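# Coordinate inspection notes
The residues making up each chain are set out below.
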Amino acid sequence: GDSVTQMEGPVTLSEEAFLTINCTYTATGYPSLFWYVQYPGEGLQLLLKATKADDKGSNKGFEATYRKETTSFHLEKGSVQVSDSAVYFCALSDPNQGGKLIFGQGTELSVKP
Amino acid sequence: EAGVAQSPRYKIIEKRQSVAFWCNPISGHATLYWYQQILGQGPKLLIQFQNNGVVDDSQLPKDRFSAERLKGVDSTLKIQPAKLEDSAVYLCASISTGTGINEQFFGPGTRLTVL
């Protein structure tokens, strides 16, 4: 079945460092791809999404490009802030399967001042 | 616009006891999901409702878990009897349409600890 694999955490960076969190997926169809973020003590929030190959999702300085040839959707940010400390989840959704989300295991990011 | 509401936020029970969680989705959202998030893992779908009908319950442990969505609005997830491995955060999410790439809105979750 469909699955998502993320790089393991935790990831610790200094403020203003460059961030990459790797995400690869396996899917039989043509899924949409998402990054969700979970800040401490809060619920899951959609960070960005891409619905087809070569689409780039972006929000709050974060970007991710849907790469069908490498089945990847890596999350990047050029300069992280302490407020970006959170757990990041990569996920996919197949519209032909009711839209349910299949999540990776999450990557915890800690940004130090 | 009010978000997805869940209660209680925290629950501690002993194994073999029963427990129920409640979810109130965003007004007008026809599709409702329950996910289980075990510590250190991503959420996993338990059950999906479209209005008051079940769309997908293939991952629901039906010997102990049950869920209903009467009148197509609020939903209740029940565990009876609970096991230690049921300790997790139970997340409710809703979207406005039944399929596709619309954003799922998540509630804050209910953290269940089974002792």
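In what follows, the structure referred to is the one given above.
Described in the following lines is the structure provided in the data block. (Residues numbered from 1 in each chain as written. Chains lettered and ligands numbered in written order. Predicted model: local features only at pLDDT ≥ 70, side-chain atom pairs only at ≥ 80, totals over all residues. Heavy atoms only, no water.)

### A word on the sheet that holds strand E3 (residues 19-21) of chain A
Residues and elements named next belong to chain A. Strand order in the open sheet formed by four strands is E3-E9-E8-E7, and the pairing between neighbours is antiparallel. Edge strands, defined here as strands with exactly one partner in the open sheet, are E3 and strand E7 (56-59). Strand-to-strand twist in this sheet, taken as the mean axis angle between neighbours without regard to direction, amounts to 15°. Pairing analysis gives three bridges linking E3 to strand E9 (residues 75-77), with the strands arranged antiparallel. Each residue of the ladder has a partner; that of Ile-21, found in E9, is Leu-75. (Pairing = 2+ DSSP bridges. Helix = DSSP H or I, 4+ residues; strand = E, 2+ residues; numbered from the N terminus. Axes fitted to C-alpha atoms, helices over the stretch in contact; angles between N-to-C directions.)

### As for the side chain of Ser110(A)
Examined against the element boundaries, Ser110(A) turns out to sit in strand E12 (residues 107-112). Sequence-distant contacts of Ser110(A), that is, excluding residues within four places in its chain, are made with Val11(A), Thr12(A), Leu13(A) and Ser85(A). (Contact = heavy atoms within 4.5 Å.)

### Side note on the pairing of E7(A)
Two faces, one strand: in a regular strand the side chains alternate between the faces of the sheet. Direction of pairing for E7(A) relative to strand E8 (residues 62-65) of chain A: antiparallel, over a ladder of four bridges. Of the residues in E8(A), the one forming a bridge with Gly57(A) is Ala64(A).

### Comments concerning the packing of aromatic side chains
According to the stated counting rule, one finds 12 aromatic pairs over all chains in the structure shown. Aromatic side chains Phe62(A) and Tyr88(A) sit 5.6 Å apart centroid to centroid with 40° between the ring planes, which places their arrangement in the tilted category. Of this pair, Phe62(A) sits in strand E8 while Tyr88(A) is found in strand E10 (residues 86-93), placing the two residues 26 residues apart along the sequence. Neither residue differs from the other here; Phe62(A) and Tyr88(A) are each classed as buried. Where Phe103(A) meets Tyr35(B), the ring centres are 5.9 Å apart and the plane angle is 85°; that geometry is what we call edge-to-face. Placement of the pair is Phe103(A) in strand E11 (residues 101-103) and Tyr35(B) in strand E4 (residues 31-37), with the two residues belonging to separate chains. With relative accessibility at 9%, the residue Phe103(A) sits in the buried group. Judged by its relative accessible area of 0%, Tyr35(B) falls in the buried class. Three or more aromatic residues joined by ring pairs make a cluster, and in this case those are Phe34(A), Tyr36(A), Phe89(A), Phe103(A), Tyr33(B), Tyr35(B) and Phe106(B). (Phe/Tyr/Trp six-rings, centres within 6.5 Å; stacked < 30°, edge-to-face > 60°. Buried < 20%, exposed > 50% of the residue type's maximum accessible area, 1.4 Å probe, protein only.)

### Examining the interface of chain B and chain A
Interface size, as often reported, equals the accessible area lost upon joining of the parts. Between chain B and chain A, the residue contacts involve 21 residues of the former and 21 residues of the latter. Summed over both sides, the interface between chain B and chain A buries roughly 1500 Å², with carbon and sulfur atoms accounting for 56% of that surface. Joining chain B to chain A, the criterion identifies one salt bridge. Close ionic contact of Lys100(A) with Asp56(B) constitutes a salt bridge, the shortest N to O distance being 3.4 Å. Linking chain B to chain A there are three residue pairs in polar contact (both at pLDDT 80 or more). Breaking the side of chain B that touches chain A down by element, the ones donating at least two residues are E4 and strand E5 (44-50) of chain B. Ranked by residues supplied to the side of chain B that touches chain A, first place goes to E4(B) with three residues. A class-by-class count of the residues in the side of chain B that touches chain A yields eight nonpolar, 10 polar and three charged. (Buried area = accessible area lost by both parts, 1.4 Å probe. Salt bridge = Lys/Arg side-chain N within 4 Å of Asp/Glu carboxyl O. Polar contact = N/O pair within 3.5 Å; in protein donor to acceptor, adjacent residues only side chain to side chain. Nonpolar A, V, L, I, M, F, W, Y, C, P; charged D, E, K, R; others polar.)

### Topic: the sheet that holds strand E8 (residues 75-79) of chain B
All names here are of chain B. The sheet built from four strands is open, its strands ordered E1-E3-E8-E7 with antiparallel pairing. Every other strand in the sheet has two partners, leaving strand E1 (5-7) and strand E7 (65-68) as the edge strands with one partner each. The mean angle between the axes of side-by-side strands here comes to 15°, regardless of whether they run parallel or antiparallel.

### Here's the deal with the nonpolar core
Residues and elements named next belong to chain A. Counting residues in each nonpolar core, the largest one holds 26 residues, and the members touching the most others are Trp-35, Leu-47, Leu-48, Phe-73, Leu-75 and Tyr-88. Elements with a contribution of two residues or more to this core: strand E2 (11-14), E3, strand E4 (23-26), strand E5 (32-38), strand E6 (44-50), E8, E10 and E12. A per-element tally of this core places E10 first, with four residues. Apart from residues no more than four positions distant in its own chain, Leu-47 is found in contact with Trp-35, Tyr-36, Val-37, Asn-59, Lys-60, Phe-62, Leu-75 and Tyr-88. (Core = buried A, V, L, I, M, F, W, Y, C linked by side-chain atoms within 4.5 Å.)

### Notes on the environment of Glu76(A)
Residue and element names in this part refer to chain A. Turning to its location among the elements, Glu-76 is positioned in strand E9. Under the relative-accessibility criterion, Glu-76 is labelled partly exposed at 33%. Between the C-alpha atom of Glu-76 and that of Thr-5, which follows or precedes it by 71 residues, the distance is 16 Å. Here Glu-76 is in contact with Phe-18, Leu-19, Thr-20, Gly-61, Phe-62 and Glu-63, once residues within four sequence places are set aside.

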